[in-house]
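Working through the structure, step by step
Spelled out, the chains give:
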Amino acid sequence: MPDVGESSTVVIGGRLRQDIITGVLSPGTKLREAALAKQYAVSRIPIREALRALESEGLVESRPYVGSVVAPSPIEDAEDLFEIRIVLESATARRAAKRAAAQNSGGEADARWKAVRKAISEILDEGDAVIAKRRFDELALLNMRFHLAVAELSGSLSLVSLLRQISGKIEWLYSLNVTRRGTQAWPEHRAILAAVDAGQEANAAELMAKHVSRSRDAYFVMMAESAGHTTDTLVAGN
């Protein structure tokens, strides 16, 4: 069996996350440790740790007498999730810009801040490459990594923690409309980051709010079109 260190947990967690988001594992599916350990050829320890991590992201639920199961689809909670994101992520962008201004005001920059800022540039470049190659299935995770990294730039552990709690469901919703919204949304990240870098608190917050609002509006347009297509199909079938 492979080593059961953190790397195994991260790899398995990523594979389980992808299977949940893409529908390979449907909502309500029981996630039995023994079966998953056999499937992924590891011990039950990294499986258990991966399930705990996914539970913290809202993708897995632990139910009494049942164990771990895939969480319900976030579709029914979409409106609330987007409203929460608008408020929460506006705050992260504002705080990130304020912290950037402090970093740029003189003196030695914080090493952690510099590392996160560098990682954001790499995430954006990777997203550009993914879009160019039309590998949209990889964009949902990159999108979530960007938003979490901006939260980390804010330096607020509370904001990071709150965003992580809904990150799995955000990624899930994003994946449902990624081929349409992804190519439009990705360039908006650079504008948000430019405002953060410039220390423009109000502008960064406003750009982030508009960014999330556009994603919300595009999502509900997609859902309405899907519902209309289903209705048309049923009528035609009659």
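Reading the values: rules and limits
- Residues numbered from 1 in each chain as written.
- Predicted model: local features only at pLDDT ≥ 70, side-chain atom pairs only at ≥ 80, totals over all residues.
- Heavy atoms only, no water.
- Helix = DSSP H or I, 4+ residues; strand = E, 2+ residues; numbered from the N terminus.
- Rg over C-alpha atoms; globule rule 2.2 N^0.38 Å.
- Buried < 20%, exposed > 50% of the residue type's maximum accessible area, 1.4 Å probe, protein only.
- Contact = heavy atoms within 4.5 Å.
- Areas by Shrake-Rupley, 256 points an atom, 1.4 Å probe, with all protein chains shown as cover.
- Domains from an automatic or database assignment.
- Buried area = accessible area lost by both parts, 1.4 Å probe.
- Salt bridge = Lys/Arg side-chain N within 4 Å of Asp/Glu carboxyl O.
- Polar contact = N/O pair within 3.5 Å; in protein donor to acceptor, adjacent residues only side chain to side chain.
- Nonpolar A, V, L, I, M, F, W, Y, C, P; charged D, E, K, R; others polar.
- Pairing = 2+ DSSP bridges.
- Core = buried A, V, L, I, M, F, W, Y, C linked by side-chain atoms within 4.5 Å.
- Axes fitted to C-alpha atoms, helices over the stretch in contact; angles between N-to-C directions.
- Parallel < 35°, antiparallel > 145°, perpendicular 65-115°, else oblique.
- Phe/Tyr/Trp six-rings, centres within 6.5 Å; stacked < 30°, edge-to-face > 60°.

Attention shifts here to the overall build of the chain. Secondary structure summary: the chain contains nine helices and two strands in total. Counting from the amino terminus, helix and strand elements in the chain follow one another as α-α-α-β-β-α-α-α-α-α-α. Relative to the globule expectation of 18 Å for 238 residues, the C-alpha radius of gyration of the chain, 19 Å, shows essentially globular dimensions. Each of the three principal axes of the chain carries a C-alpha extent, and together these read 60 × 55 × 35 Å. Classification of the 238 residues of the chain by burial places 44% in the buried group. Taking the contacts inside the chain whose residues are at least 6 apart along the sequence as the reference set, 73% of them involve residues at least 24 apart. Element-wise, carbon and sulfur atoms account for 54% of the exposed surface of the chain, whose accessible area totals about 12400 Å².

Annotation of the chain at the domain level lists domain 1 (4-70) and domain 2 (75-233). Just the C-alpha atoms count here: the centres of domain 1 and domain 2 sit 25 Å apart. In this assembly, ten residues from domain 1 lie in contact with ten residues from domain 2. In this assembly, domain 1 packs against domain 2 so that about 780 Å² is buried in total across both faces, 58% of it on carbon and sulfur atoms. Scanning the region where domain 1 abuts domain 2 turns up one salt bridge. Linking R17 and E171 is a salt bridge whose minimum nitrogen-to-oxygen distance equals 3.9 Å. Our count for the contact surface shared by domain 1 and domain 2 stands at one residue pair in polar contact (both at pLDDT 80 or more). Top element by residues in the side of domain 1 that touches domain 2 is helix α1 (residues 6-21). It accounts for four residues. Looking at the side of domain 1 that touches domain 2 residue by residue, the class counts come to five nonpolar, three polar and two charged.

All chains considered together, the criterion is met by 20 salt bridges. The residue R164 makes a salt bridge to E152 at a minimum N-O spacing of 3.7 Å. With a gap of twelve residues between them, R164 in helix α7 (residues 157-176) and E152 in helix α6 (residues 139-154) connect regions that are remote in the sequence. Given a relative accessible area of 23%, E152 falls into the partly exposed group.

Let's shift gears to the pairing of strand β1 (residues 60-63). Summarising the sheet, β1 and strand β2 (residues 67-70) pair through four bridges and their orientation is antiparallel. Looking at the pairing, E61 lines up with V69 of β2.

Below, the discussion takes up the nonpolar core. In this structure, I120, L139, L153, L163, W186 and V196 are the most contacted members of the largest nonpolar core, which totals 47 residues. Ranked by residue count, the leading element in this core is α6, at ten residues. Ignoring anything within four residues of it in the chain, the contact list for L153 reads A96, R99, W113, V116, R117, I120 and V196. Formed by 18 residues, the second largest nonpolar core is a distinct cluster that contains I12, I21, L36 and L54.

Attention now moves to the packing of α7 against helix α8 (residues 178-197). Remark: α7 packs on α8, axes separated minimally by 6 Å, with the N-to-C direction vectors making an angle of 105°. When the axis of α7 is compared with that of α8, the two are roughly perpendicular. For the pair formed by α7 and α8, the contact residues are Y174, S175 and L176 on the first element and V178, G182 and A185 on the second. Across the contact of α7 with α8, the residue classes tally to four nonpolar, two polar and no charged.

On to the side chain of S43, then. Along the chain, the position of S43 falls in the loop between α2 (33-40) and α3 (44-56). Using a relative accessible area of 18% as the deciding quantity, one classes S43 as buried.

Inspection of every chain in the model, using the stated rule, returns three aromatic pairs. Ring centres 5.1 Å apart and planes at 75° place the aromatic pair Y219 and F220 in the edge-to-face group. On the accessibility criterion, Y219 (2% relative accessible area) is buried.

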